[in-house]
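# Structural characterization, general
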Amino acid sequence: MRRNLVLLFSLVLLTALGAAAFGQSLATTTNKTVVDGVVNAAEYSYSKTFQGLTLYANRTSDALYLAVVGETTGWVAVGLGSMRMDGSTIFMGFVGSGSKEQFKVQAGSGHSHKEASADVSATVVSYVLKEAGGKTTLELQLKPDSYLKSGQSSLDTIYAKGTEKSFIPRHFMRGAVSIPLK
């Protein structure tokens, strides 16, 4: 009997933890997010880890903040607007030689990407790239009206990382998540 109670309690606990992990949403907050390339979890209302890359998001009344921290010394990327590369606005970058930040706003087109238009690039308010301890971090602030519309229930997001310090090589890890909005 005691064994059954322990098993039942464990099952309930795991179910609750799973619901909490998958029940996370992106609500408008007053969290103070500082775009400095150093991610503090308290700055973000949403976070999720996927195969050596953590995606962070925060939303205030006047900004949308995103960060990706990848276990790589190559490039990292986050995209918005689609659960696929095609149709996404992609923000990608790496830290090059001499610690020079290399950042691009790209438009996903099929299984590739190209330079985004100037009006799409203008949605970026600020960004910072840092590399330390075998991890590359991209942190950025966007104009929210460009990606969050009235009545929208989720934010379709893609993420990826590569091993090279170049925008050309393919990713070695990628995925997608639809972040529920509140």
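Residues numbered from 1 in each chain as written. Predicted model: local features only at pLDDT ≥ 70, side-chain atom pairs only at ≥ 80, totals over all residues. Heavy atoms only, no water.

### Some details on the side chain of Glu139
- Inspection of the secondary structure assignment puts Glu139 in strand S9 (residues 135-142).
- Among the polar contacts listed, one links the side chain of Glu139 to the backbone nitrogen of Gly37, at a separation of 2.7 Å.
- Among the polar contacts listed, one links the side chain of Glu139 to the side chain of Tyr44, at a separation of 2.5 Å. (Helix = DSSP H or I, 4+ residues; strand = E, 2+ residues; numbered from the N terminus. Polar contact = N/O pair within 3.5 Å; in protein donor to acceptor, adjacent residues only side chain to side chain.)

### Some details on the nonpolar core
- Counting 30 residues, the largest nonpolar core has Phe91 and Leu142 as the members making the most contacts within it.
- Discounting chain neighbours no more than four positions away, the residues touching Leu142 are Ala63, Leu64, Leu66, Leu80, Phe91, Thr123, Val124, Val125 and Tyr147. (Core = buried A, V, L, I, M, F, W, Y, C linked by side-chain atoms within 4.5 Å. Buried < 20%, exposed > 50% of the residue type's maximum accessible area, 1.4 Å probe, protein only. Contact = heavy atoms within 4.5 Å.)

### A look at the sheet that holds strand S11 (residues 173-180)
- The strand order across the open sheet formed by 6 strands is S7-S6-S5-S4-S10-S11, and the pairing between neighbours is antiparallel. At either margin of the open sheet sits one strand with a lone partner, and together these are strand S7 (112-115) and S11. Strand-to-strand twist across the sheet, computed as the mean angle between neighbouring axes with direction ignored, equals 30°.
- One ladder, built from 4 bridges, connects strand S6 (residues 101-109) with S7; its direction is antiparallel. Paired with Ser109 across the strands is Ser112, a residue of S7. (Pairing = 2+ DSSP bridges. Axes fitted to C-alpha atoms, helices over the stretch in contact; angles between N-to-C directions.)

### Side note on the pattern of salt bridges
- Applying the stated criterion across every chain, the model contains 2 salt bridges.
- Lys104 is paired through a salt bridge with Glu115; the nearest N and O atoms lie 3.4 Å apart. Separated by 11 residues along the polypeptide, Lys104 in strand S6 and Glu115 in strand S7 bring together distant segments of the chain.
- Judged by relative accessible area, which is 28%, Lys104 ranks as partly exposed.
- We note a salt bridge from Lys165 to Glu131, for which the minimum N-O separation is 2.4 Å. (Salt bridge = Lys/Arg side-chain N within 4 Å of Asp/Glu carboxyl O.)

### A closer look at the packing of aromatic side chains
- Under the defined criterion, the tally for this structure stands at 5 aromatic pairs.
- An angle of 20° between the planes, with centres 4.1 Å apart, marks the rings of Phe50 and Tyr159 as stacked. One end of the pair, Phe50, is in strand S1 (residues 46-50); the other, Tyr159, is in strand S10 (residues 154-161), with 109 residues separating them in the sequence. Of the two residues, Phe50 and Tyr159, neither departs from the other in class, the shared state being buried.
- Between the aromatic rings of Phe91 and Tyr147, the centroid separation amounts to 6.1 Å while the plane-to-plane angle is 75°, which identifies the pairing as edge-to-face. Taken together, the residues span a long stretch of sequence, with Phe91 in strand S5 (residues 89-95) and Tyr147 in the loop between S9 and S10 at a distance of 56 residues. (Phe/Tyr/Trp six-rings, centres within 6.5 Å; stacked < 30°, edge-to-face > 60°.)

### A short note on the pairing of S11
- Going residue by residue along S11, you find Met173, Gly175, Val177 and Ile179 tucked away on one face and Arg174, Ala176, Ser178 and Pro180 left uncovered on the opposite face.
- The sheet contact formed by S10 and S11 spans 8 bridges and is antiparallel. When the sheet's bridge partners are listed, Tyr159 is paired in S11 with Gly175.

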